[in-house]
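Structural characterization, general
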Amino acid sequence: MTWKGTLCILLSLNVFLNLSSFCDGHPHSAQTINSGSAVRVLSNDTAKRAGVAAEVAGYADVAKQIIDLAVFGAAQNRSYRRLADFTDTIGNRVSGSNNLEMAIKYMYNAMVQDGLDVHLEPVKIPHWVRGKESAEMTAPRAKTLAILGLGSSVGTPPEGIEAEVLVVQSFEELKRRASEAAGRIVVFNQPYVSYGETVAYRAYGASEAAKVGAVATLIRSVTPFSINSPHTGWQDYQDGVKRIPTACITVEDTELMWRMAQRGQKIVVKLTMGAKTLPDADSFNTVAEIKGWQHPEQVVLLSGHLDSWDVGQGAMDDGGGAMISWEALSLIKDLGLRPRRTLRTVLWTAEEQGGVGAQQYFNLHKVNMSNFDLVMESDLGTFTPIGLQFTGSDAAQKVMEEVVKLLAPINTTKLEAHGEGTDISPWMQAGVPGASLHVADSRYFWFHHSEGDTMSVQDPRDMDLCSALWAVVAYVVADLQEMLPR
């Protein structure tokens with residue numbers, strides 16, 4: 001019976017008791033009954049919470065075994081080695097590329113060899129190709145500009161586009177100076193506030209500039225720190241607006257042109273981009289499982305995305321998240337553990353294009369939504385773990401507060417609000433509890449979507465700690481008597 005049905009019965013019973021008391025000529029007895037019921041409900045609730053706390057506390061030894069294996073035992077440094085082998089062998093893995101196809105085959109074979117139950121689920125994904133690209137400032141002096149074209153951008157004509165530059169610091173300034181924009185390359189020198197706020201310029205800058213007649217846009221890379229490194233990413237053209245070429249340039253070059261513009265100097269840039277979009281490509285979400293012994297149809301899902309941008313190695317974004325989601329299953333398998341419910345690791349494809357593979361997975365599996373106990377995603381790096389971010393009901397949060405207490409040996413007992421992740425957001429929006437890994441990510445956007453995203457960013461001990469946290473949370477939730485309350 002659903003909770004709504006139970007509530008209706010309780011309300012009906014309460015009305016009946018009230019009416020009965022008045023019929024008996026004892027109106028005050030109803031108050032007594034109601035007070036007694038309230039006390040019983042409260043005491044039952046308290047007892048239930050105590051029962052859950054005791055049940056979760058019973059996993060302390062198992063949690064310590066997982067942590068010891070990951071951090072001090074035979075699995076020490078394993079997730080780091082796996083990531084290094086993978087990224088050194090395959091390299092970066094942009095949506096639609098041969099490298100991504102090779103990466104999926106690599107991970108399928110590796111997880112099969114690890115003794116897991118592995119299968120592939122087909123999806124269609126975008127196929128954008130960067131092509132050759134360059135930018136040169138030709139006035140007031142000659143200077144080569146480091147650029148990275150943005151995903152889904154159109155290319156320039158083969159001879160390129162050479163035009164005078166208009167430098168602005170905001171969308172508002174662009175609107176104020178709209179009369180100056182026609183026929184120019186608009187350079188956005190927006191300050192970095194936070195990724196969530198500042199990324200709007202990367203996403204929508206091209207269309208906003210096109211509306212006022214610009215021929216191309218160059219956008220300051222969305223990063224708080226730069227050593228002349230451009231950062232790429234996806235951008236979205238607005239329907240009904242002319243599509244113009246768009247790329248990110250470095251913080252240093254953007255500020256240089258801003259200073260020149262402030263002096264009243266005429267700036268001219270030549271931009272050449274061979275970018276093009278090909279028909280959608282075939283791809284797969286990669287799925288590995290440890291089947292539950294009692295409720296195999298019920299699922300705790302762990303995940304990271306296998307694709308990356310076409311620069312660097314994609315080690316941080318999101319090779320690390322993918323590897324700890326595999327490693328969690330390995331740790332549990334190595335200890336001979338098998339939870340009540342199925343543990344399912346999904347390595348998403350085409351996350352960088354807006355969670356394309358994950359959305360298709362959701363569309364396929366949402367019919368079984370009531371069987372998804374918890375969805376987890378790691379996509380903000382695998383630096384030193386701080387805690388777990390969680391989205392769910394108050395009752396589910398109470399359970400998760402007990403679960404993270406098991407992580408005391410690695411000092412990550414903090415449960416924070418708001419699980420996040422592009423790939424699990426459809427599930428959370430539909431009411432399924434969701435969790436994400438919170439790490440010391442202050443350096444994440446230094447390397448994000450740039451040539452700097454390599455194995456040199458990663459630390460083996462941090463990855464061990466992240467793997468331990470991921471495995472303990474997933475196993476315990478999957479093995480509890482009851483699913484997390486919605």
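These numbers come from a predicted model, not from an experiment.

1. Here we look at unusual backbone geometry
- For the peptide bond that leads from Ala139 to Pro140, omega is 10 degrees, which places it in the cis range.
- By secondary structure assignment, the location of Pro140 is in the loop between β2 (133-139) and β3 (143-145).
- The omega angle of the peptide bond from Asp317 to Asp318 is 0 degrees, so this bond is cis rather than trans.
- Inspection of the secondary structure assignment puts Asp318 in helix α9 (residues 315-334).
- Despite not being glycine, Asn77 shows a phi value in the positive range, around 70 degrees.
- Within the fold, Asn77 resides in the loop between α3 (60-71) and α4 (78-90).
- A residue is classified by how much of its surface remains accessible, and Asn77, at 28% relative accessible area, is partly exposed.
- Of note in this structure, Ser152 is not a glycine but carries a positive phi near 85 degrees.
- Within the element layout of this structure, Ser152 appears in the loop between β4 (147-149) and β5 (161-168).

2. Concerning the UniProt feature "domain: Peptidase M28" (unreviewed entry) in the protein chain
- Following the UniProt record, the feature "domain: Peptidase M28" (unreviewed entry) maps to residues 285-472 here.
- With 34% helix and 26% strand, the stretch residues 285-472 has end C-alpha atoms that lie 24 Å from each other.

3. Side note on the packing of aromatic side chains
- Evaluated as defined, the whole model comprises 15 aromatic pairs.
- Geometrically, the ring pair formed by Trp128 and Trp309 is edge-to-face, given 6.4 Å between the ring centres and 80 degrees between the ring planes. Residue Trp128 is found in strand β1 (residues 117-129), and its partner Trp309 is found in the loop between β11 (295-305) and α9; the two are separated by 181 residues along the sequence. The two residues Trp128 and Trp309 agree in class, both being buried.
- Put simply, the rings of Trp348, Tyr361, Phe362, Phe372 and Trp427 pair up and form one aromatic cluster.
- Here Arg82 stacks its cationic end above the ring of Trp326, 3.7 Å away from the centre of that ring.

4. Structural notes on the environment of His448
- On the secondary structure map, His448 appears in the loop between α13 (444-447) and α14 (460-479).
- Residue His448 is classed as buried on the basis of its relative accessible area, which comes to 6%.
- Along the chain, His448 and Val222 lie 226 residues apart, while their C-alpha atoms are 9.0 Å from each other.
- Once you skip the residues sitting within four places of it in the chain, His448 turns out to touch Tyr195, Arg202, His231, Met316 and Asp317.
- Polar contacts involving the side chain of His448 include one to the side chain of His449, which spans 3.0 Å.

5. What to know about the domain arrangement of the protein chain
- Taken domain by domain, the protein chain holds domain 1 (59-128 + 279-479) and domain 2 (131-274).
- Here domain 1 and domain 2 have C-alpha centroids that lie 35 Å from each other.
- Contact residues are listed per partner, giving 12 residues for domain 1 and 18 residues for domain 2.
- Of the roughly 1,200 Å² buried where domain 1 meets domain 2, counting both sides, 69% is carbon and sulfur surface.
- Three residues, Trp128, Phe445 and Trp446, lead the burial of domain 1 against domain 2; their summed loss comes to 49% of the area buried on that side.
- Along the contact surface separating domain 1 from domain 2 lie 0 salt bridges.
- Remark: the boundary between domain 1 and domain 2 carries 4 residue pairs in polar contact (both at pLDDT 80 or more).

6. Some details on the sheet that holds strand β14 (residues 385-391)
- Taken together, the 8 strands give an open sheet; going across it, the order is β1-β10-β12-β11-β13-β16-β14-β15, and neighbouring strands pair in mixed fashion. The open sheet has two edge strands, β1 and β15 (414-417), and neither has a second partner. Here the average twist between neighbouring strands, direction ignored, is 25 degrees.
- Two elements, strand β13 (residues 372-377) and strand β16 (residues 434-439), share 3 bridges in a ladder whose sense is parallel.

7. Regarding the pattern of salt bridges
- Applying the stated criterion to the full structure yields 22 salt bridges.
- One salt bridge in this structure joins Arg220 and Glu255, with 3.3 Å as the shortest N-O distance. Of this pair, Arg220 sits in strand β7 (residues 216-220) while Glu255 is found in helix α8 (residues 251-262), placing the two residues 35 residues apart along the sequence.
- For Arg220, a relative accessible area of 11% translates into the label buried.
- Judged by its relative accessible area of 31%, Glu255 falls in the partly exposed class.
- Taken together, the shared-partner salt bridges in this structure form one network comprising Arg78, Arg82, Asp114, Glu327, Lys333 and Asp334.

Rules of the game
Residues numbered from 1 in each chain as written. Predicted model: local features only at pLDDT ≥ 70, side-chain atom pairs only at ≥ 80, totals over all residues. Heavy atoms only, no water. Helix = DSSP H or I, 4+ residues; strand = E, 2+ residues; numbered from the N terminus. Buried < 20%, exposed > 50% of the residue type's maximum accessible area, 1.4 Å probe, protein only. UniProt positions renumbered as here; feature names shortened; annotations may be inferred. Phe/Tyr/Trp six-rings, centres within 6.5 Å; stacked < 30°, edge-to-face > 60°. Lys NZ or Arg CZ within 6 Å of the ring centre and 35° of its normal. Contact = heavy atoms within 4.5 Å. Polar contact = N/O pair within 3.5 Å; in protein donor to acceptor, adjacent residues only side chain to side chain. Domains from an automatic or database assignment. Buried area = accessible area lost by both parts, 1.4 Å probe. Salt bridge = Lys/Arg side-chain N within 4 Å of Asp/Glu carboxyl O. Pairing = 2+ DSSP bridges. Axes fitted to C-alpha atoms, helices over the stretch in contact; angles between N-to-C directions.

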